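Residue-level listing of the chains:
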2 protein chains.
Amino acid sequence: MTSKVPLVEDELISRVEAVRQSMADHEIDTVLLSVGHDLPYLTGYYAMPLERLTMLVLPRNGQASLVVPALEAPRVAPMPRIFDVVPWGETTEPLDLVADMCRHLSRIAVGDQTWGRFVIGLVQRLPSVEWRRAVDVIGPLRMRKTEHEIASLAAAAKAVDDIAIALQSGEIPLVGRTEAEVSADLSARILAAGHQKVNFAIVAAGENAASPHHHPGERVIRSDEVVLCDFGGTMNGYCSDITRCVVTGTIAADLAAAYEVLMNAQEIGVQAGHIGESCESVDAVTRQVISDAGYGEFFIHRTGHGIGMEEHEDPYIVDGDERVLEAGFAYSVEPGIYVPGKWGIRLEDIVVATDDGPRRLNNAPRALFSVLQ
Amino acid sequence: MTSKVPLVEDELISRVEAVRQSMADHEIDTVLLSVGHDLPYLTGYYAMPLERLTMLVLPRNGQASLVVPALEAPRVAPMPRIFDVVPWGETTEPLDLVADMCRHLSRIAVGDQTWGRFVIGLVQRLPSVEWRRAVDVIGPLRMRKTEHEIASLAAAAKAVDDIAIALQSGEIPLVGRTEAEVSADLSARILAAGHQKVNFAIVAAGENAASPHHHPGERVIRSDEVVLCDFGGTMNGYCSDITRCVVTGTIAADLAAAYEVLMNAQEIGVQAGHIGESCESVDAVTRQVISDAGYGEFFIHRTGHGIGMEEHEDPYIVDGDERVLEAGFAYSVEPGIYVPGKWGIRLEDIVVATDDGPRRLNNAPRALFSVLQ
């Protein structure tokens, strides 16, 4: 007997089989995947985010077809056990090809990030179809990360941990630079650390930190204020995402008090991540700590989001997400406290639910560092 | 009397008025805009490409509403003369808000890049609506670039011209580096030249150049082969896009002969761009030069695409696009010749149709340079 390392193609094939089982459970006839991450999850291929249609037509039974612009067909690694390549030329209407493959079907699920132009074009061509979201079929599979996927997430997390430590040690200049300059610095470090792509590098100083998705701008960072940095990228197909705050000098008493509460809430939230707990219960226990301390009105977003091939994906750590944690679920725990016009703070780590309890992938220190410069 | 520089908001308002006129012409009741470029074209605001819905609900009459995640509301510059801000909290379903605003409407147009999850959600909630594409309403306006927009395109074009000249002068090392390394070098130069974003930096060596949308990889560039570089970014909201080829040493006779044909075809194509000519006729005359020289089967894509806020936008220089050039239309002219397994070449400039005839925005030399290193 020989032992054999499974081919990547074998793993993709087993994913396709699992999707087909899920399609049967959800009574979906065909799944249509374009830009977004479901397509590479099943085929290894990323569609170009342009106006020429790339679409995998995956029926519940029978061979799948990858409809792809002829001039991009050479980019596709053939996977004849999964799909046939169907190249289309520049004067063909590819939606007609897809619609022809979908005649007489009653229920079709479409990938979440498929461009509206294509969805509208299909709705127009197939008026009697009942339309669904492919995430209902594929999301549950993507939530359960394999060992290999967790290792990829851990490697990406380690890379941004090192950047966070550089920030906390004062190695990254802050005072006198604009938020945009520090954001560009973080972006360069994200790439230098081995990510292929920067997904975001939020830098928000002082009162700007009270806007959770602040766009870093020309605001110059001053002494004695909080600087919130939330950054991440994609490394070998998997995402990192971390938030740390530092203070450029003296930490004001009100800020220090709130940060103590925040750290405690985040710790409680992380430790709540046991298999069998619901996503909304992790949100609830985290939120409770902040509410009990009197900051409830200033925690204006969900506690976290799933992470994997995508920076935000199922499940969501939010009231109303009743899904129950399973081994391999990866998600952020990132409570925040935002006082409009004054300051904002957030603390974020990526956590994986395991049989041995929650495992943090980020290990940069979590205290509020004063960075004297 | 005082003369006044028009406010940016005034320009946005006049665009909104033009869109409403176009909605009336197309009998569209409401336009829904999310990620993509129609939203910033009308409001200056770019939606975050994430799972939380941002959507402008623009009715034909009456005030528009910008439905936006509460935690992103601080990013929005208020434009009370155009829209009300409608922030939604983390436990609200924003599609319900949008659907409520669209009850009793019969025809709704959706932005081209709106995520499928939102389009499907709306189709499910509003089953009796006739769905259209917003590009039919807004695209005709976006095609006619103003002087200011043309100046922005010209500035971006000048920036990539300088990079092309660096490439042609041998300043950018090629031989011994991988395509991916040269692509990263071009990307860094695109940012250093003042773009905020790299859109693509295709580098394809030798036989890889026969794949028009080749993904730069670990292939090491050798001596005496063609290197095709197609790169561009976004500078202050407007895109650049240029293609130049160089040869790392001796130019083979077959390549030189084909390149002569290509240069001639591109020149003919550019010069054909007079107001009143159809897009498909520009494609036809360009293609004719290549076909007449016997390379017709190797020119496997359209001649070009519109360009503006988006790297590819209406109109398309392709058989079947019967739209007629008007003053201010900006588009690429980029014929190519691709011999599978051997080499590929492409030559691309951005052109604007003006009352005085076609105006090239790119002015880097168009000859096939030998770059001895």
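Just so you know, the residues in each chain are numbered from 1, in the order the chain's sequence is written. For this description, chains carry letters from A and ligands carry numbers from 1, given in the order in which they are written. Owing to the predicted nature of the model, reporting of local features is limited to residues with pLDDT of at least 70; listing and counting of side-chain atom pairs is limited to 80 or more, with chain, interface and lining totals taken over all residues. Think of the side-chain values as coming from all heavy atoms in the structure, minus any hydrogens and water.

1. What to know about the interface of chain B and chain A
Alright, step 1. In this description, contact between two residues means that some pair of their heavy atoms is separated by no more than 4.5 Å. With 38 residues of chain B at the interface, the matching set in chain A holds 38 residues.
Alright, step 2. Summed over both partners, the accessible surface that disappears when two parts come together, traced with a 1.4 Å probe, is what is meant by buried area. When the two sides are added together, the surface that chain B and chain A hide from each other amounts to roughly 3,500 Å², 60% of it contributed by carbon and sulfur.
Alright, step 3. Think of a salt bridge as a Lys or Arg side-chain nitrogen and an Asp or Glu carboxyl oxygen that are within 4 Å of each other. For the interface between chain B and chain A, the tally reads four salt bridges.
Alright, step 4. With a shortest N-O distance of 2.5 Å, Arg302(A) and Glu51(B) are connected by a salt bridge.
Alright, step 5. The definition of a polar contact used here is a pair of N or O atoms within 3.5 Å, where within protein one atom must be able to donate a hydrogen and the other to accept one, and adjacent residues in sequence count solely through side-chain atom pairs. For the pair chain B and chain A, the interface holds 18 residue pairs in polar contact (both at pLDDT 80 or more).
Alright, step 6. Under the DSSP-based scheme used, a helix requires at least four consecutive residues in state H or I and a strand at least two consecutive residues in state E, with every element numbered from the N terminus. Taken together, the elements giving at least two residues each to the side of chain B that touches chain A come down to helix H4 (116-125) and strand E6 (130-133) of chain B.
Alright, step 7. Here the element with the most residues in the side of chain B that touches chain A is H4(B); it accounts for six residues.
Alright, step 8. Each residue receives one of three labels: charged for Asp, Glu, Lys and Arg, nonpolar for Ala, Val, Leu, Ile, Met, Phe, Trp, Tyr, Cys and Pro, and polar for the others, Gly being one of them. Residue composition of the side of chain B that touches chain A, grouped by class: 14 nonpolar, 12 polar and 12 charged.

2. Concerning the sheet that holds strand E3 (residues 64-69) of chain A
All names here are of chain A.
Alright, step 1. Only strands that DSSP links by at least two bridges are regarded as paired with each other. One open sheet holds the six strands; their spatial order is E4-E3-E2-E1-E5-E6, and the pairing between them is mixed. Here the strands that pair on one side only, and so sit at the sheet edges, are strand E4 (83-88) and strand E6 (130-133). Ignoring which end each strand starts from, the neighbouring axes of this sheet average 20° apart.
Alright, step 2. Pairing analysis gives four bridges linking strand E5 (residues 107-110) to E6, with the strands arranged parallel. Each bridged residue has a counterpart across the sheet, and for Ala109 the counterpart in E6 is Arg132.
Alright, step 3. Across the sheet, helix H3 (residues 94-101) touches strand E1 (30-33), strand E2 (55-59), E3 and E4, and the angle it forms with E3 is around 170°. Axis lines are fitted through C-alpha atoms, for helices just across the contact stretch, and the angle between N-to-C directions can take any value from 0 to 180 degrees.

3. A few points about the state of the cysteines
All names here are of chain A.
Alright, step 1. Sulfur atoms of two cysteines make up a disulfide when they are within 2.5 Å. All chains considered together, the criterion is met by zero disulfides over all chains.
Alright, step 2. Sulfur of Cys245: no disulfide; nearest cysteine sulfur belongs to Cys229 and is 7.6 Å away.
Alright, step 3. Among the cysteines around Cys279, which has no disulfide bond, Cys239 carries the closest sulfur, lying 18 Å off.

4. Observations regarding the sheet that holds strand E2 (residues 55-59) of chain B
Residues and elements named next belong to chain B.
Alright, step 1. One open sheet accounts for six strands, arranged E4-E3-E2-E1-E5-E6; its pairing is mixed. On the outer flanks of this sheet lie strand E4 (83-88) and E6, each paired with one strand and no other. The mean angle between the axes of side-by-side strands here comes to 20°, regardless of whether they run parallel or antiparallel.
Alright, step 2. Pairing of E2 with strand E3 (residues 64-69), which is carried by three bridges, proceeds in the antiparallel orientation. By the bridge assignment for E3, Leu56 is matched with Leu66.

5. Topic: the pairing of strand E10 (residues 242-247) of chain B
Residues and elements named next belong to chain B.
Alright, step 1. Relative accessibility decides the category of a residue: with a 1.4 Å probe and only protein chains considered, values under 20% of the type maximum give buried, values over 50% give exposed, and everything between is partly exposed. Most of E10 is tucked away, with six of its six residues classed as buried.
Alright, step 2. Burial of E10 is two-sided: the residues Ile242, Arg244 and Val246 facing one way and the residues Thr243, Cys245 and Val247 facing the other way are all buried.
Alright, step 3. Judged from the six bridges that link them, strand E8 (residues 226-235) and E10 form a sheet pairing that is antiparallel. Its bridge partner being in E10, Leu228 is matched across the sheet by Cys245.

6. Remarks on the packing of helix H3 (residues 94-101) of chain B against H4(B)
In a pair of packed helices, the angle between the axes and the distance between the axes together describe the arrangement.
All names here are of chain B.
Alright, step 1. Contact geometry for H3 and H4: axes closest at 10 Å, N-to-C directions at 50°. The orientation of H3 with respect to H4, classified from their angle, is oblique. Like other packed secondary-structure pairs, H3 and H4 cross with a definite hand, here right-handed. Contact residues: H3 offers Leu95, Asp96, Val98 and Ala99, while H4 offers Arg117, Phe118, Gly121, Leu122 and Arg125.
Alright, step 2. Classifying every residue of the contact of H3 with H4 by side-chain character gives five nonpolar, one polar and three charged. Angle categories: roughly parallel below 35 degrees, roughly antiparallel above 145, roughly perpendicular from 65 to 115, and oblique for all the rest. In a left-handed crossing the near helix is turned counterclockwise from the far helix by less than a right angle, and in a right-handed crossing that turn is clockwise.

7. A look at the pairing of strand E15 (residues 343-346) of chain B
Alright, step 1. Of the two faces of E15(B), the one carrying Trp343(B) and Ile345(B) and the one carrying Gly344(B) and Arg346(B) are both buried.
Alright, step 2. Hairpin remark: strand E14 (residues 336-339) of chain B followed by E15(B), antiparallel, with three residues in the connecting loop; positive phi at Gly341(B), about 80°.

8. Details of helix H7 (residues 179-192) of chain B
Given 3.6 residues per helical turn, the α-helix brings residues three or four places apart onto the same face.
Residues and elements named next belong to chain B.
Alright, step 1. Each residue after the first adds 1.5 Å to the expected span of a helix. In this model, H7 (14 residues) spans 20 Å end to end at C-alpha, consistent with the 20 Å of a helix rising 1.5 Å per residue.
Alright, step 2. All of the buried residues in H7 are Glu179, Val182, Ser183, Asp185, Leu186, Ser187 and Ile190.
Alright, step 3. Turning to H7, the residues buried within the fold contact helix H6 (147-168), strand E7 (197-205) and E8.
Alright, step 4. Trailing H7 by a residue or two, Gly194 shows a phi angle of about 110°, which is positive.

9. Some remarks on the domain arrangement of chain A
All names here are of chain A.
Alright, step 1. Those domain boundaries reflect an automatic or database domain assignment. Per the domain assignment, the segments making up chain A are domain 1 (9-142) and domain 2 (144-370).
Alright, step 2. Here the C-alpha centre of domain 2 lies 34 Å away from the C-alpha centre of domain 1.
Alright, step 3. Across the contact, 12 residues belong to domain 1 and 10 residues belong to domain 2.
Alright, step 4. Of the roughly 890 Å² buried at the junction of domain 1 and domain 2 (both faces included), carbon and sulfur atoms supply 38%.
Alright, step 5. The largest per-residue losses of area from domain 1 upon contact with domain 2 belong to His37, Pro140 and Arg142, which jointly make up 48% of the total buried on that side.
Alright, step 6. At the junction of domain 1 and domain 2, the tally comes to seven residue pairs in polar contact (both at pLDDT 80 or more).
Alright, step 7. Of the residues in the side of domain 1 that touches domain 2, the class split is six nonpolar, three polar and three charged.

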